[in-house]
Each structure stands twice: as structure tokens, then as C-alpha cells.
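Below are the chains, spelled out letter by letter.
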Amino acid sequence: MTQKEFEQCTGLQVSAEYFEEIHKAYMEAGDYVDKDTFCEEWKKNPENRIVQGMHNTIRVMNVKLDVATERIKEQEQLESGLVDFLLERAQKFGDEELLIKAIELVGHAEVIRRKLVADMPLWERDREYIKKNLK
């Protein structure tokens, strides 16, 4: 939404600096509030503490979401390394339990894909899975 659109919709004249704050609040509302609804609510009470509180809450939640997203990426990398480690050890020691743990983590199809990429031999359990799931 542009400043001109906001001013036309609300009938309010605002400075460019104040509109920046308004626009931040509007953008942080995301898909939950359309332009007309936002303007209507702002027009009712431009200094609305609830709107300001929601704006601040959204800002804090976005920071928390960014942190959580980063942690998820780190966990996915850790999990990926763990699966590769399990597959290497399963292969080295012929330990089917390690293979099963890798399958539990990422699924059998992904385990087979990783084995093929790493040029590891497929086990009977892998061949049975391929026969059962390829159509």
C-alpha cells in the first residue's frame, strides 16, 4: 500500500516518516488483514494501543520465528550427518539395526538414494523396498 492509497482510504494526511510506521504495521499484519480492513481500523483509532501492541508482538514473533527457523536448519544438517554416519557404520559392520535407525530418521527411499549416491551396495531389505514401491 502506498502513502497516497492510505491517505485516500482513511482521509488522513500523514508525514512520510509516520507512514513508514503505518506501512510496517500493515506489512507485518500479512495476509490476515487486507488493505481496506487495515485502513478502516486505523481510521477508527489511529493511535490504537491494540494495533500498536499487535505490531510489537508481530515484530517479536518474527524474530523468534527467524531463530526457530535457523535452529531447524541446524537440526536438519545434524540429522543429515547422523544418517550418513549410520549408513557408513551399518555398511562397515553389517549392522542392520543401524540401517533401520537411518530409515526411521529419513525414510527408506531417502536411505536408498543416499546409498546410491555414495556408491554403497544395496542390501536385501533395500531391494525388497524397491521391488515393492516401484511400479
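Above: the structure in question.
Residues numbered from 1 in each chain as written. Predicted model: local features only at pLDDT ≥ 70, side-chain atom pairs only at ≥ 80, totals over all residues. Heavy atoms only, no water.

Let's shift gears to unusual backbone geometry. Not every positive phi belongs to a glycine, and D119 is a case in point at roughly 60 degrees. Its place among the elements puts D119 in the loop between α6 (108-117) and α7 (124-133). A relative accessible area of 70% places D119 in the exposed class. (Helix = DSSP H or I, 4+ residues; strand = E, 2+ residues; numbered from the N terminus. Buried < 20%, exposed > 50% of the residue type's maximum accessible area, 1.4 Å probe, protein only.)

Applying the stated criterion across every chain, the model contains eleven salt bridges. For K115, the salt bridge is made with D126, and the minimal N-O distance between the two is 2.5 Å. One end of the pair, K115, is in helix α6; the other, D126, is in helix α7, with eleven residues separating them in the sequence. You can call D126 buried: its relative accessible area is 0%. Counted as one network, the salt bridges with shared partners bring together D84, E110, R113 and R114. (Salt bridge = Lys/Arg side-chain N within 4 Å of Asp/Glu carboxyl O.)

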